[in-house]
Each structure stands twice: as C-alpha cells, then as structure tokens.
Amino acid sequence: MDNAQDAAARAEIERWWPHLSIEAKHRLLARLEADLDAETVAEIMSLTGGTAPDRLSLAERQFVITQIEAVD
C-alpha cells in the first residue's frame, strides 16, 4: 500500500486520540517520530475498529502537540 492509500485507509487521529489511555499517550509522546509500539497500535485498533498507523504523519504529530499545549 502506498502512502496515499495508507493515509486514506486509517482512522483520523481526532477520532482516537481523545480516547487513548494516558499510558499510551505517554508512550507515543516519548517517541513521537518513531514507529508506534505494538501496545499502542492494539489500543488504537480497538478504539477505531481495526485501523491504526504504523507511525504518525507530520500532520498527526502536529495535532498531538496542539493537544498537549496549555491553553490561556
């Protein structure tokens, strides 16, 4: 599957990020640009009904960063 097909096939991060466990969020944040670990992938698949990225795209990493920033 090429990158365009892969991106189109996976669930949007807005769908699963808010429901991800704190532990999974910490694992993901610790290695934001690396492949997702198997435990986090399994959790995302459970939340989305079977789709999860191997690693986050640039847009997804930017989304995550905005979600952890403090709001004034």
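Quick look at the structure, then. (Residues numbered from 1 in each chain as written. Predicted model: local features only at pLDDT ≥ 70, side-chain atom pairs only at ≥ 80, totals over all residues. Heavy atoms only, no water.)

Turning to the nonpolar core, a few remarks are in order. Ranked by size, the top nonpolar core spans 14 residues in total, and within it Ile13, Trp16, Trp17, Leu20, Leu28, Leu56 and Val64 carry the most contacts. Elements that contribute at least two residues to this core include exactly α2 (13-16), α3 (22-30), α4 (38-48) and α5 (58-68). Residue contacts for Ile13: discarding those within four places in its chain leaves Pro18, Leu56, Glu60, Phe63 and Val64. (Core = buried A, V, L, I, M, F, W, Y, C linked by side-chain atoms within 4.5 Å. Buried < 20%, exposed > 50% of the residue type's maximum accessible area, 1.4 Å probe, protein only. Helix = DSSP H or I, 4+ residues; strand = E, 2+ residues; numbered from the N terminus. Contact = heavy atoms within 4.5 Å.)

Okay, α3 next. Regarding α3, the residues found buried are Ala24, Lys25 and Leu28. Down the axis of α3, the sector holding all buried residues measures 100°, keeping them to one side. In α3, the exposed residues that point more than 90 degrees away from the buried face are Ile22, Glu23, His26 and Ala30. Buried-residue contacts for α3 involve α2, α4 and α5. (Arc of directions from axis to C-beta.)

This brings us to the pattern of salt bridges. Applying the stated criterion across every chain, the model contains 3 salt bridges. Across the pair Arg27 and Asp37 runs a salt bridge, and its minimum N-O distance is 3.2 Å. Taken together, the residues span a long stretch of sequence, with Arg27 in helix α3 and Asp37 in the loop between α3 and α4 at a distance of 10 residues. The shortest N-O distance in the salt bridge between Asp35 and Arg55 comes to 2.8 Å. Of this pair, Asp35 sits in the loop between α3 and α4 while Arg55 sits in the loop between α4 and α5; the two residues are 20 residues apart in sequence, bridging distant segments of the chain. Its relative accessible area of 43% is what places Asp35 among the partly exposed residues. (Salt bridge = Lys/Arg side-chain N within 4 Å of Asp/Glu carboxyl O.)

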